[in-house]
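Understanding the architecture of this molecule
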Amino acid sequence: MHVSHHGFGPDLVEVFGPSQTDGGPELVQLLTPEGERTHHPEFDRDFSAEELRGFYRDMVLTRRIDTEATALQRHGELGIWAQLLGQEAAQIGAGRALRPQDHVFPTYREHGVAWCRGVDPLALLGLFRGVDHGSWDPAEFGFGLYTIVIGAQALHATGYAMGMQRDGVVGTGDPERDAAVVAHFGDGASSQGDVNEAFIFAASYQAPVVFFCQNNQWAISEPIERQSRIPLYQRALGFGFPGVRVDGNDVLATYAVTQAALQRARDGQGPTLVEAYTYRMGAHTTTDDPTRYRLSDDVERWKLKDPISRLEVYMRRNGLADAELVDAVKEEADELGHRLREGCKAMPDPRALDMFDHVYAEETEELRVQREGYAAYLATFEEAGR
Amino acid sequence: MSEQITLAKGLNAGLRKAMEGDPKVLVMGEDVGKLGGVFRITDGLQKDFGEDRVIDSPLAESGIVGTAVGLALRGYRPVVEIQFDGFVYPAYDQIVCQVAKMHYRSKGRSPMPMVIRIPFGGGIGAVEHHSESPEAQFAHTPGLKVVACSNPVDGYWMIQQAIACDDPVIFLEPKRQYHADKVLLDESISPDPLFSSRVVRRGEHATLLAYGPTVKTALAAADAAAVEGKSLEVIDLRTLSPLDMGPVLDSVRRTGRAVVAHEAHVNLGLGAELAARITEECFYSLEAPVLRVGGFDTPYPASRIEEEFLPDLDRVLDAVDRSLDY
Ligand SMILES: Cc1ncc(C[n+]2csc(CCOP(=O)(O)OP(=O)(O)O)c2C)c(N)n1
């Protein structure tokens, strides 16, 4: 090993090598890109046929939500859409590992996790269409509103987890009761102060939070090398808690690792950083042009790691899926797609005066006067139009 | 309770009362536990309420406010202490983008009953970043409510009212008055509502508008003016967002003249808003333009010359004279 001539220890690039397209030897994997079941000493577990079919269905439907929304954006029905193509396994694996009493703090791209939590995908479209800022009830679904400011939600997750500690729902040994929180964010977000502060708070108070980073290699046009000189999961150790890198295109491994991290948190053993190593197959959002910065070779290489086809191959080979299942899921996806298309176009615009609602829990006189003034102003047009 | 208290004592007693009354109230910030805060406002609270309710936090302002957001989402009522005004900026994003908007974004499903206490203002001879008046930056943010207390009795009541409020409240405490004057707190006298301004001295010739540390300056100015036969009305605004314009407009309609005094930079400060609203509402009663006295539009200067920067008795009186000369 090369030792830096400054005497500060090893050169990091020498130690970790340049960017690893295969995730490196640390990658936890239970299903190879070719659909072979592999085993892992720490994170292995058995999956029933029913679970596997569930994962498959979830991933296919999530992909349909994504492609449908992308198409709706192209037709001018959505202002913008944050695509998740290629990240289905990372999200379904993480989402299905949750228990009802757990709570999720998403970014703006967690459509698959939202699906697992039972949030109507149509509700996700509202934000991107511009009819609201998210219309689901976070408490009802255990799934927070989308967060646009990068990394802000990592702190909310940590604070919420601290609240769970105070509520006595951590480490009681009762599986119906013990709860944990997941904070989702991307590789770019790992550079934000808020994410790093969340690591510090979570470690300091041993808060029951799983930091789930989808390292999709890119933050718009900035590559992961611009964010980190070491594999992201290794950062956790510096904050005083474990980190693990999992194959984010492998739904089985993502599920197993997230479940273990969640259980650790629920048991009162504190935070874990899960780095789901994946790739953004689509653009960052529908406004992005990845051909300006990304190599098509990379895209081709990652296509071979597709999370859905690898599970399908495995299931077909082992008699767990047949054409009937695949067709049935496809049909369901078509129905969902239809519902999203029609539902999106039918979403009513909010009324102008709605903008004054909910600014405060206890409305101010100032705002009431402003609303009434604007209402009166609008009424003059109605009168003039008569 | 009926005793002589300082502002520090009033705030401490108010926090204690709120914590006793509601187990969901938490106090968090840097050094708020064992030390009782650098100004000792949270003195003794951790001893009595434990480390789970009086939380010594890591040294990270965005972290303090951001985790408080999560605690509020979980049903708690965090009372966060920012150690000094100049250190609120690392938390600025969490305050204006998250705290202020959560209720709105969630269509009222996720209220943010949070109090962010900020010792503010100058006059303590501190090094830089310890004497700022950032109120306009928060008052300009819909979703936040901003109040400033000016005396021990208000400190006692207003902190409890702010904690009980279901909206996030930026709670400004004039740090130079923490230990300055003792005032009788008589709990049998019920407090004014939180979001109300109050006439603290009656007068006829001009209205002085002040809040936080400048209330004392304004009262001193009114005393001095009285010697020359000028009778000044003084209003303690107490609430900066929303502004309670009722008493202000009533007063200005009677006196025809208004002078605003605050420590914050004059340009685009609260005074500008007050001048605009007074002009809109009582243009025909005005005998003079609304005048503003405040910190200059410079960064807060080195403390050896801070007395020049701060609006003092003479500068307030000078503005009053200019107003009366119209
Ligand atoms: C604080 C902040 N800065 C900049 C942006 C604009 N922005 C939106 S997404 C993004 C890249 C985020 O990358 P990453 O965290 O890796 O997540 P990804 O979108 O790749 O899932 C940027 C810079 C933002 N939303 N918030």
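Above this text you will find the structure in question.
For the structure given in this document, a descriptive report is provided here.

**Considering the overall build of chain A**
Assigned secondary structure in chain A consists of 14 helices and seven strands. The globule rule puts the C-alpha radius of gyration for 386 residues at 21 Å, and the 23 Å found for chain A is close to it. Along the first, second and third principal axes, the C-alpha atoms of chain A reach 80 × 50 × 50 Å. With 386 residues in all, chain A has 55% of them scored as buried. Contacts in chain A between residues far apart in sequence, at least 24 positions, make up 73% of those at least 6 positions apart. Accessible surface, chain A: about 16,700 Å² in total, of which carbon and sulfur atoms supply 52%. Where the 37 positive side-chain charges of chain A centre and where its 60 negative ones centre are 2 Å apart.

**Details of the packing of aromatic side chains**
Geometrically, a pair of aromatic rings is defined through the distance of the ring centres and the angle of the planes. All names here are of chain A. Here the structure, examined in full by the defined rule, presents 32 aromatic pairs over all chains. Each ring, one from Phe55 and one from Tyr255, has its centre 5.3 Å from the other, and the planes form 55°; the classification is tilted. Taken together, the residues Phe55 in helix H2 (residues 49-74) and Tyr255 in helix H10 (residues 251-266) connect sequence positions 200 residues apart. Between Phe199 and Phe239 the ring centres are 4.9 Å apart and the planes differ by 75°, which places this aromatic pair in the edge-to-face class. In this pair, Phe199 sits in helix H8 (residues 193-205) while Phe239 sits in helix H9 (residues 235-239), placing the two residues 40 residues apart along the sequence. Classification of Phe199 as buried rests on a relative accessible area of 2%. Exposure remark for Phe239: the relative accessible area of 23% places this residue in the partly exposed category.

**A look at the site of the ligand**
All names here are of chain A. Around the ligand, the surrounding shell holds 15 residues, and the nearest of these are Tyr108, Arg109, Ile148, Gly188 and Ala189. In this structure, an oxygen atom belonging to the ligand sits 3.1 Å away from a side-chain N or O atom of Asn216. Between the ligand and Trp218, the relevant distance is 2.9 Å, taken from an oxygen atom to a main-chain nitrogen or oxygen of the residue. If the ligand stood free it would expose 580 Å²; the protein chains cover 71% of that surface. Of the residues belonging to the shell around the ligand, the class tally is eight nonpolar, five polar and two charged.

Rules and cut-offs
- Residues numbered from 1 in each chain as written.
- Chains lettered and ligands numbered in written order.
- Predicted model: local features only at pLDDT ≥ 70, side-chain atom pairs only at ≥ 80, totals over all residues.
- Heavy atoms only, no water.
- Helix = DSSP H or I, 4+ residues; strand = E, 2+ residues; numbered from the N terminus.
- Rg over C-alpha atoms; globule rule 2.2 N^0.38 Å.
- Buried < 20%, exposed > 50% of the residue type's maximum accessible area, 1.4 Å probe, protein only.
- Contact = heavy atoms within 4.5 Å.
- Areas by Shrake-Rupley, 256 points an atom, 1.4 Å probe, with all protein chains shown as cover.
- Lys, Arg positive; Asp, Glu negative; His and termini not counted.
- Charge placed at Lys NZ, Arg CZ, Asp CG, Glu CD.
- Phe/Tyr/Trp six-rings, centres within 6.5 Å; stacked < 30°, edge-to-face > 60°.
- Near = heavy atom within 4 Å.
- Polar contact = N/O pair within 3.5 Å; in protein donor to acceptor, adjacent residues only side chain to side chain.
- Nonpolar A, V, L, I, M, F, W, Y, C, P; charged D, E, K, R; others polar.

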